[in-house]
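Overview (structure and organization)
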Amino acid sequence: DETTARRKDAHLDLCATGDVEPAQNSTLLEHVHLIHCAMPEMAVEDVDLSTPFLGKRLQAPLLLTGMTGGTERAGAVNRDLALLAERHGLAFGVGSQRAMAEDSARAASYAVRDVAPTVALLGNIGLYQAIGLGVDGVRRLMDAIGADGMALHLNAGQELTQPEGDRDFRGGYRVVEELARAFGDRLLVKETGCGIGPDVARRLVELGVRNVDVSGLGGTSWVRVEQLRAAGPQAQVGAEFSGWGIPTAAAIASVRKAVGPEVRLVASGGVRGGLESAKVLALGADLAGMALPLFRAQQQGGLPAAEEALKVILTGLRQALVLTGSRDVAQLRQRPRVVSGALKDWLAAL
Ligand code: FNR
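Residues numbered from 1 in each chain as written. Predicted model: local features only at pLDDT ≥ 70, side-chain atom pairs only at ≥ 80, totals over all residues. Heavy atoms only, no water.

1. Describing the overall build of the protein chain
Secondary structure assignment for the protein chain yields 14 helices and twelve strands. The C-alpha atoms of the protein chain give a radius of gyration of 19 Å, which matches the 20 Å a tight globule of 350 residues would have. When its C-alpha atoms are laid out on the principal axes, the protein chain stretches across 60 × 45 × 40 Å. Expressed as a percentage of its 350 residues, the buried residues of the protein chain come to 56%. Taking contacts inside the protein chain between residues at least 6 apart in sequence as the whole, the part at least 24 apart equals 77%. Here the protein chain has roughly 14300 Å² of accessible surface; of this, 52% comes from carbon and sulfur atoms. Taken as two groups, the 37 positive and 40 negative side-chain charges of the protein chain have centres that lie 3 Å from each other. (Helix = DSSP H or I, 4+ residues; strand = E, 2+ residues; numbered from the N terminus. Rg over C-alpha atoms; globule rule 2.2 N^0.38 Å. Buried < 20%, exposed > 50% of the residue type's maximum accessible area, 1.4 Å probe, protein only. Contact = heavy atoms within 4.5 Å. Areas by Shrake-Rupley, 256 points an atom, 1.4 Å probe, with all protein chains shown as cover. Lys, Arg positive; Asp, Glu negative; His and termini not counted. Charge placed at Lys NZ, Arg CZ, Asp CG, Glu CD.)

2. With respect to the site of the ligand
Taken together, the neighbourhood of the ligand is formed by 24 residues, with M67, S96, S215, T220 and R272 sitting nearest. Contacts to the ligand include A291, whose backbone N or O atom sits 2.9 Å from an oxygen atom. In the model, an oxygen atom of the ligand is placed 3.0 Å from a nitrogen or oxygen of the L292 main chain. If the ligand stood free it would expose 600 Å²; the protein chains cover 97% of that surface. (Near = heavy atom within 4 Å. Polar contact = N/O pair within 3.5 Å; in protein donor to acceptor, adjacent residues only side chain to side chain.)

3. Re the side chain of T192
Along the chain, T192 falls in the loop between β8 (187–190) and α7 (198–206). For T192, a relative accessible area of 18% translates into the label buried. Looking at T192, its side chain comes within polar contact range of the main-chain oxygen of L154, at 3.1 Å. Among the polar contacts made by the side chain of T192, one reaches the side chain of E191 at a distance of 3.4 Å.

4. Thoughts on the pattern of salt bridges
The tally for this structure, following the rule as stated, stands at 19 salt bridges. Residues R170 and D168 are paired through a salt bridge, measuring 2.9 Å at the closest nitrogen-oxygen approach. Classification of R170 as exposed rests on a relative accessible area of 67%. For the salt bridge of D286 with R256, the shortest nitrogen-to-oxygen distance reads 2.7 Å. Separated by 30 residues along the polypeptide, D286 in the loop between α11 (274–282) and β11 (287–290) and R256 in helix α10 (residues 248–258) bring together distant segments of the chain. (Salt bridge = Lys/Arg side-chain N within 4 Å of Asp/Glu carboxyl O.)

5. Concerning the nonpolar core
Among the nonpolar cores identified, the biggest contains 95 residues, and L62, F92, L152 and L179 are the most heavily contacted of them. In terms of residue count, the dominant contributor to this core is helix α12 (residues 292–323) (13 residues). In this structure L62 touches L90, A91, S277, L287, A288, M290, L310, I313 and L314, once residues within four positions along its chain are discounted. Counting eleven residues, the second-largest nonpolar core is a separate cluster that includes L63, A120, V266 and L287. (Core = buried A, V, L, I, M, F, W, Y, C linked by side-chain atoms within 4.5 Å.)

6. Focus on a nonpolar patch on the surface
A cluster of nonpolar side chains, namely V237, F241 and W244, defines an oily patch on the protein surface of about 310 Å² accessible area. Residue position: F241 is located in helix α9 (residues 232–241). Taking relative accessible area as the criterion, F241 reaches 34% and is therefore assigned partly exposed. (Patch = residues over 30% accessible without salt bridge, like charges linked within 9 Å, V, L, I, M, F, W, Y side chains within 5 Å.)

7. Regarding α10
Working note: α-helix, 3.6 residues per turn, so residues spaced by three or four point in the same direction. Burial of α10 is extensive: nine of the eleven residues sit out of reach of the surface. Among the residues of α10, T248, A249, A250, A251, I252, A253, S254, V255 and R256 are the ones counted as buried. Against α7, β10 (264–267), α11 and α14 (341–349) lie the buried residues of α10.

8. Focus on the confidence of the model for the protein chain
Confidence in the prediction of the protein chain, expressed as mean pLDDT, is 96, and 99% of residues score 70 or more. Per the prediction output, this complex has pTM 0.98; the corresponding ipTM is 0.99. (pLDDT = per-residue confidence, 0-100.)

9. Things to note about the state of the cysteines
All told, the structure shown has zero disulfides when counted by the stated rule. Residue C15 stays outside any disulfide, its sulfur separated by 14 Å from that of C194, the closest cysteine. Its relative accessible area of 6% is what places C15 among the buried residues. (Disulfide = S-S within 2.5 Å.)

10. Re the pairing of strand β7 (residues 149–153)
Of all five residues making up β7, five are buried, and the element is well covered by its neighbours. Where burial is concerned, the two faces of β7 agree: the one with G149, A151 and H153 and the one with M150 and L152 are both buried. Bridge count for strand β6 (residues 120–126) against β7 is five bridges, and the pairing is parallel. Opposite N124, over in β7, you have A151 as the bridge partner. (Pairing = 2+ DSSP bridges.)

11. Observations concerning the sheet that holds β8
Strands sit in the order β4-β5-β6-β7-β8-β9-β10-β11 around a closed barrel of eight strands; the barrel is parallel. Across the sheet, the axes of successive neighbouring strands diverge by a mean angle of 25 degrees, strand direction being ignored. Relative to strand β9 (residues 211–213), β8 runs parallel, the two sharing three bridges. Bridge pairing links V189 to V212 in β9. In the packing of α11 onto the sheet, the strands contacted are β4 (62–64), β10 and β11, and the crossing angle to β11 comes to about 135 degrees. (Axes fitted to C-alpha atoms, helices over the stretch in contact; angles between N-to-C directions.)

Structure representation (structure tokens):
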């Protein structure tokens, strides 16, 4: 309905210019140190970043994670970022398709196949909307945009900070199990900035989930976004919890330890460059994921600015591989690395 679309535009405004990445939050990636190799004995062009995802082959292990849809402005973001992903052989996700599930007139803002015919494309819906839609309803959303897979997002922290948000989180695993059975490896389960830890990841995998985006703490905070929209006591609780979550570095390293190598893992949440992408790949991610930086670049300077931001990221990622003497991610993972500070404490507990 109208309120869903209006809330989404308020979210976009806040994410474009607001203080949605609380400075005191950290991914803890600053505690991961890749080790310099003074004699790489390879050329930049020897780096092979190609990786399989959703039945396709990416040229680099990067997912532009789901953000938006439902309004004209959102449609422009989707088309620009999908086009970029197509050009550079990356994966792309649209944002929550709730708006189009409620009103099919909004479907056009999620349609990117005309500009991104071959991109690895993810649809997106919230866990609790999926309960209402059922397997068939979720499948219709995926098929309507010609997606290769469906992202199911978890956001209990955001919902509890949102005055109109959900307050009852029962029945989640049952829905995940049904969706995993129906979608197989076309389903991806993601958080939205508070992180998926090893216990939840293990349970998801037991239920048949084959793709997980840990989306940890340290980047966009949806609790903070809702705090900025809320007033009174709700805003105070939001302020208290805007640092809540599992830091991305802790989430990805612990989840990789908890699940087998066959599970495709995405690490998003505050990953902000090529070197940080290399760090999450070294910690066990198959793909790095990013939302806010590319959204902001697109809002500030359209497609050219977003493409420039992306090129900086891709160049940095290749550089990190060369400077660790790694031709691919498999070699990068075998290199020694230093884990220091608070990240060590997190990993000792997880
Ligand atoms: C998001 N995110 C998100 N996630 C999701 O599953 N469905 C959605 O509709 C949205 N919407 C959305 C809008 C905007 C403007 C942003 C910035 C983010 C969450 C996103 O996919 C990601 O999990 C987190 O933002 C963490 O990554 P970054 O932003 O720190 O790189």
